[in-house]
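# Close look at the chain arrangement
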Amino acid sequence: MQALLKVAKANQFAVPAFNICSYDMLKAIMEETERLKAPVILEIHPDEIAYLNNEFINSVKAYAQTSKVPVVVHLDHGKTIADVLRAIQNGYTSVMIDASLQSFSENLKITKEVVSLAHAVNVSVEAELGTIGNNGSAEGGEANIVYTDPDLAQRFVEETNIDTLAIAIGTAHGLYPKNKTPKLNIELLKELNQKLTIPFVLHGGSGNPDKEISEAVQYGVAKVNLSSDLKSVFFDALREFLTENSKVYEPNMIYSHANKKVQEVVRHKMAILNAIGKAKCY
């Protein structure tokens, strides 16, 4: 992750981090990513790997190791040391420890421990300071967003030696209700970018306006997490297809429709993050 995002930040693009919850979603994302000649982050939440089992990671690593584009396999929102150790043992190249709901001192302590463990085996570390909102996602968050404090962020990065920081500037996990309009605090992002040199991560990037996300890339955001946008179209497409084709039982016929919908989202997100064709930068 450290190497991937250093290049992205220097060239003013962001790498999308897509949560994968099935082999079909993995397949759809990788096929489209390679067509677009773009780098990609494949991330898996502890709840997702609890369902998929460790064996699923062999498929993820096989795609990553044979791909013609840069690929990072990343733990999304690890809450415990056990989550982090499981990911490292499974061969992830990057982990996130999310102790953002703890006190600052406890977040600092836990994150420093994870950095010590992960860096010893050349695994990058992402941490979070401030709180992301939550629109009903399993990834968690808080009802009220606590923005990342620039001075605390500077101290946090210096004392933990993390590789990238997930910042709270107005996003929320999950899909936004129709009556709620998300808005990023770009001025806060600019201040954070002046104080810190490491790349930033934007969580809850599914529902924000494209223009805001593209602007954030100009001020240090080099990784944008995307989950709900992909899962919603994937499962909506499955429901639609099965309702209209109740007698079809072959997986290659059923899932191909949903996979194409996922690939449309991948194309769109790669475009707004300025990532298309950027594999050549590595």
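All of these numbers come straight from a predicted model, not from anything done at the bench. (Residues numbered from 1 in each chain as written. Predicted model: local features only at pLDDT ≥ 70, side-chain atom pairs only at ≥ 80, totals over all residues. Heavy atoms only, no water.)

All right, on to the UniProt feature "active site" (unreviewed entry) in the protein chain then. Under the UniProt annotation, "active site" (unreviewed entry) lies at Asp-76. Take Asp-76: it is sitting in strand E3 (residues 71-78). Classification of Asp-76 by relative accessible area gives buried; the value is 0%. (UniProt positions renumbered as here; feature names shortened; annotations may be inferred. Helix = DSSP H or I, 4+ residues; strand = E, 2+ residues; numbered from the N terminus. Buried < 20%, exposed > 50% of the residue type's maximum accessible area, 1.4 Å probe, protein only.)

Before going further, it helps to spend a moment on the environment of Leu-85. Relative to the assigned elements, Leu-85 resides in helix H5 (residues 81-90). Here the alpha-carbon distance between Leu-85 and Val-115, two residues 30 residues apart in the chain, equals 12 Å.

With that settled, the discussion passes to the UniProt feature "binding site: Zn(2+) 1" (unreviewed entry) in the protein chain. UniProt's entry tags His-77, His-173 and His-203 with the feature "binding site: Zn(2+) 1" (unreviewed entry), counted in the numbering of this structure. Residue class for His-77 comes out buried when judged on its relative accessible area of 1%.

Attention now goes to the sheet that holds strand E10 (residues 221-226). Pairing is parallel in the closed barrel, where eight strands are placed in the order E1-E2-E3-E4-E5-E7-E9-E10. Averaged over all neighbouring strand pairs, the angle between strand axes comes to 25 degrees, with direction disregarded. The pairing of strand E1 (residues 15-19) with E10 spans four bridges and is parallel. Note on E10: the bridge partner recorded for Pro-16 is Val-224. Helix H11 (residues 251-272) contacts E1, strand E2 (40-44) and E10 of the sheet and is inclined by roughly 150 degrees relative to E1. (Pairing = 2+ DSSP bridges. Axes fitted to C-alpha atoms, helices over the stretch in contact; angles between N-to-C directions. Contact = heavy atoms within 4.5 Å.)

Right, let's talk about the environment of Asp-236 for a bit. By the secondary structure assignment, Asp-236 is in helix H10 (residues 228-244). When the C-alpha positions of Asp-236 and Pro-150 are compared, they lie 40 Å apart, and in sequence the two are 86 residues distant. Among the polar contacts made by the side chain of Asp-236, one reaches the side chain of Arg-239 at a distance of 2.9 Å. (Polar contact = N/O pair within 3.5 Å; in protein donor to acceptor, adjacent residues only side chain to side chain.)

What follows concerns the pattern of salt bridges. Side-chain pairing between opposite charges can occur once the charged atoms of the two side chains come close. The tally for this structure, following the rule as stated, stands at 12 salt bridges. In this structure, Arg-267 and Glu-32 form a salt bridge, with 3.2 Å as the shortest nitrogen-oxygen distance. One end of the pair, Arg-267, is in helix H11; the other, Glu-32, is in helix H2 (residues 23-36), and 235 residues separate them in sequence. Glu-32 sits in the buried class, given a relative accessible area of 3%. Here Asp-151 makes a salt bridge to Lys-195, at a shortest N to O gap of 3.0 Å. Of this pair, Asp-151 sits in helix H7 (residues 150-160) while Lys-195 sits in helix H8 (residues 186-195); the two residues are 44 residues apart in sequence, bridging distant segments of the chain. (Salt bridge = Lys/Arg side-chain N within 4 Å of Asp/Glu carboxyl O.)

Turning to H7, a few remarks are in order. Every buried residue belonging to H7 is among Pro-150, Ala-153, Phe-156, Val-157 and Thr-160, and all of these are buried. Down the axis of H7, the buried set is contained in an arc of 115 degrees. They therefore lie on one face. What points out from H7, more than 90 degrees from its buried face, is the exposed set Asp-151 and Glu-158. Against the buried residues of H7 lie helix H6 (104-119), strand E5 (124-129), strand E7 (164-167) and H8. The N-capping residue of H7, defined by a side-chain oxygen 3.0 Å from the backbone nitrogen of Asp-151, is Asp-149. Count one or two residues on from H7 and you reach Asn-161, which has phi positive near 65 degrees. (Arc of directions from axis to C-beta.)

What follows covers the packing of H2 against H10. Direction vectors running N to C along H2 and H10 enclose 115 degrees, while the axes themselves pass 12 Å from each other. In terms of orientation, H2 and H10 fall into the roughly perpendicular class. Crossing of H2 against H10: the hand is right-handed. From H2, Asp-24, Met-25 and Ile-29 reach across to H10, where they touch Leu-230, Lys-231 and Phe-234. Within the contact of H2 with H10, the residues separate by chemical class into four nonpolar, no polar and two charged. (Parallel < 35°, antiparallel > 145°, perpendicular 65-115°, else oblique. Left-handed = near helix turned anticlockwise from the far one by under 90°. Nonpolar A, V, L, I, M, F, W, Y, C, P; charged D, E, K, R; others polar.)

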